[in-house]
Structures are given as structure tokens and as C-alpha cells.
Amino acid sequence: SALEAAALPLFFGWFLAHKHALELEKRSREFLKTLSQLDQFKQHISQFTSEELGSQGEVDLEKHFQSRGVLHCTTKFCDFGKADGAKAYAEKEVVRESMGCVTVLQISAFFATPRTVGARVALTEEQLRLWPPDAEKEVMPDVDLPLGSRAHVTLGCAEGVEGVQTGIDLLEFAKLEKEGSGDKVQDLGDGTLYSYGNDMWMLRLSRNVEAPAMFSGFYG
Ligand code: 2AM
């Protein structure tokens, strides 16, 4: 019915508490700043952006990426009911029961590609109950990746790039990890920086950033 359709949100997900969203944005800015000052990054900067460089050969990555609204980790994109499986997801008991519940998201890494910057979320068993079983297969049908491999918080997208890209980029990292590629670049104090072919960078944190977040629907 029209009423049912209207009740389906744009997406379901966990929404970060304001204070923790600010903290994560700060950590993300620090990550981008460190990355932009790194020699190895600067050497391959043309693979990342064609923007004008500063006197030290650096680029302002903060300007390269634009933020996209309130920080969250999408579980199910529903497109107001138009997306596959939207209704079935919304009707799941665990989804109904979890509405308004607060949980702590474990942020285990930051990553950046020419398209997106994001935070990887390591979902707990409990949180995985809200994760759509086909989320990874939908993007990478031929790769066997653990459930939740796509879980992330989008921190910014380059001009003209759509939000959905961040999760796709993260799955590309996961695929490369599975294949055993990725080079350790250096320790950065709060974690270790890895490069995956010069235009994909990931900082694996030595300690997770913990971000309390509330499960809810977003209606736009
Ligand atoms: P994001 O989760 O990477 O930020 C509204 O567009 C939200 O739904 C955004 O948060 C966006 O990406 C996410 N989104 C958009 N299209 C999507 C899709 N096809 N699959 C999964 N998530 C999507």
C-alpha cells in the first residue's frame, strides 16, 4: 500500500552521536593531512588528483573531499521502498526491535582513494544481525568476503562521486587484502599505513576508535 511504501526510509543505519561524529571528522582530517605530507604519497599524487599542488608538492585533500551530511554507517539502502529487499528488511524482527537502540561502532581503519575517504567499521556479532546477507555479493558477486566487509562511515567524496562509492572502494580494499596484496608504508603512531597500488591508502589503527551510534531510518 501507499502507506507502507511511505513508511520505508531512504536507508537504515547507525547514526553517530554528535560529539563522536566531530571526533571522527577530526581524526579523518588528521589522516588526510598526514597522507598529503608523505613523500610516497606525493610521488604518486597525479594518480590521486589533478588539482594544483602547493609549494611543497602537497595537495589539500580536505578540499578534494566534500563531506556528505550526518555521519552514519548504512546497513540497508531502501530508496523509499524501490530498492531490492527493502520491505523484507524493514519487516525483520531484529530491525524493528533495534530502532532507537544505541550501540558502539568499532572503527578499525581509515581509507582514502581518489574517489572517497571513509572509516572501516568492524561489526560485532550482535551488529551483524542487522547486516543484509547480500550486501557484499551485490557489489562483488565473485569474491568470497566476510559478512560486514562493506561496513563503513563515509567521511567525504570527491566532486561528482556518489555516496555508494565508499562501500565499493572498501570492498576493493578487502578483495586486495584477501589476495595478499598491499604494502606496508610506515608506522604513523596511531596505526600503520598501507598502500594498495599507489592510489588506495589505508591506515589500520592500533586501537579502534569507538563511536556510539543509534540505529534508525533516514527519511531525507
Ligand atoms: P554511504 O553509506 O556510503 O554513505 C543515502 O544515499 C545513503 O545511502 C548514503 O549514506 C549512501 O552511501 C547510501 N547508499 C546510496 N546508494 C546505495 C546503494 N545502492 N547501496 C548501499 N548504500 C547506498
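Before any of the text, the structure's been laid out above.
Residues numbered from 1 in each chain as written. Predicted model: local features only at pLDDT ≥ 70, side-chain atom pairs only at ≥ 80, totals over all residues. Heavy atoms only, no water.

Student: Which residues make up the pattern of salt bridges, and what values go with them?
Tutor: Pairing between side chains of opposite charge can happen when the charged atoms of each approach one another. Tallying each qualifying case throughout the model produces 9 salt bridges. Notably, a salt bridge pairs Asp169 with Arg115, separated by 3.0 Å at the nearest N-O pair. With Asp169 in helix H10 (residues 165-178) and Arg115 in the loop between strand E4 (102-112) and strand E5 (116-121), the pair connects residues that are 54 residues apart, well separated along the chain. Residue class for Arg115 comes out partly exposed when judged on its relative accessible area of 29%. The network of salt bridges with shared partners includes Arg120, Glu177 and Arg204. (Salt bridge = Lys/Arg side-chain N within 4 Å of Asp/Glu carboxyl O. Helix = DSSP H or I, 4+ residues; strand = E, 2+ residues; numbered from the N terminus. Buried < 20%, exposed > 50% of the residue type's maximum accessible area, 1.4 Å probe, protein only.)

Student: Can you break down the site of the ligand residue by residue, with the values?
Tutor: Neighbouring the ligand are the residues Leu10, Phe11, His72, Thr74, Phe77, Arg150, His152, Thr154, Gly163, Val164 and Thr166. Note that an oxygen atom of the ligand is positioned 2.6 Å from one of the side-chain N or O atoms of Thr74. Within the residue set of the shell around the ligand, elements represented by two or more residues are strand E3 (72-77) and strand E6 (152-158). Per-element accounting of the shell around the ligand gives the leading share, 3 residues, to E3. (Near = heavy atom within 4 Å. Polar contact = N/O pair within 3.5 Å; in protein donor to acceptor, adjacent residues only side chain to side chain.)

Student: Give me the lowdown on the side chain of Thr166, citing residues and values where you can.
Tutor: Examined against the element boundaries, Thr166 turns out to sit in helix H10. Classification of Thr166 as buried rests on a relative accessible area of 0%. Excluding anything up to four places from it in sequence, Thr166 contacts Phe111, Thr116, Val117, Gly118, His152, Thr154 and Cys157. (Contact = heavy atoms within 4.5 Å.)

Student: Pulling in residues and values, what's your account of unusual backbone geometry?
Tutor: You will see that Asp79, though not glycine, has its phi angle at about 50°, which is positive. Considering the arrangement of structural elements, one finds Asp79 in the loop between E3 and helix H6 (86-91). Assessed through its relative accessible area of 23%, Asp79 is described here as partly exposed. Of note, Phe80 is a non-glycine position whose phi angle comes to about 60°, a positive value. Along the chain, the position of Phe80 falls in the loop between E3 and H6. Assessed through its relative accessible area of 37%, Phe80 is described here as partly exposed.

Student: So what's going on with the packing of aromatic side chains? Which residues, and what values?
Tutor: Overall, the coordinates contain 12 aromatic pairs when judged by the stated rule. Considering the side-chain rings of Phe41 and Trp201, the 5.4 Å spacing of their centres and the 65° angle between planes classify their relative orientation as edge-to-face. Pair noted here: Phe41 is in helix H3 (residues 39-43) and Trp201 is in strand E9 (residues 201-218), with a separation of 160 residues, a long-range link. Of the two residues, Phe41 and Trp201, neither departs from the other in class, the shared state being buried. Here a set of aromatic residues connected by ring pairs shows up, and it is made of Phe12, Trp14, Tyr89 and Phe215. Stacked on the ring of Tyr194, the Lys or Arg Arg204 has its end atom at 4.2 Å from the ring centre. (Phe/Tyr/Trp six-rings, centres within 6.5 Å; stacked < 30°, edge-to-face > 60°. Lys NZ or Arg CZ within 6 Å of the ring centre and 35° of its normal.)

Student: I'd like a description of helix H2 (residues 18-37), backed by residues and values.
Tutor: In a regular helix each residue adds 1.5 Å, so 20 residues correspond to 28 Å; H2 covers 29 Å between its end C-alpha atoms and thus fits that length. For H2, the set of buried residues is Ala21, Leu24, Arg27, Ser28, Phe31, Leu32, Leu35 and Ser36. (Expected span 1.5 Å × (residues − 1).)

Student: Tell me about the nonpolar core, and please be specific about residues and values.
Tutor: Counting 48 residues, the largest nonpolar core has Leu16, Leu24, Phe31, Phe41 and Val153 as its most contacted members. Setting aside anything within four residues of it in sequence, one finds Val153 in contact with Leu16, Leu24, Leu71, His72, Cys73, Ile107, Gly118, Ala119 and Val121. (Core = buried A, V, L, I, M, F, W, Y, C linked by side-chain atoms within 4.5 Å.)

Student: Account for the pairing of E5, with residues named and values stated.
Tutor: The element E5 is extensively covered by neighbouring structure, given that 6 of its 6 residues are classed as buried. Neither face of E5 is open: one carries Thr116, Gly118 and Arg120, the other Val117, Ala119 and Val121, and all of them are buried. Pairing geometry for E4 and E5, over 5 bridges, is antiparallel. Its bridge partner being in E5, Phe111 is matched across the sheet by Gly118. Where E5 meets E6, 5 bridges bridge the pair, whose relative direction is antiparallel. Counted as the bridge partner of Ala119 is Val153 from E6. (Pairing = 2+ DSSP bridges.)

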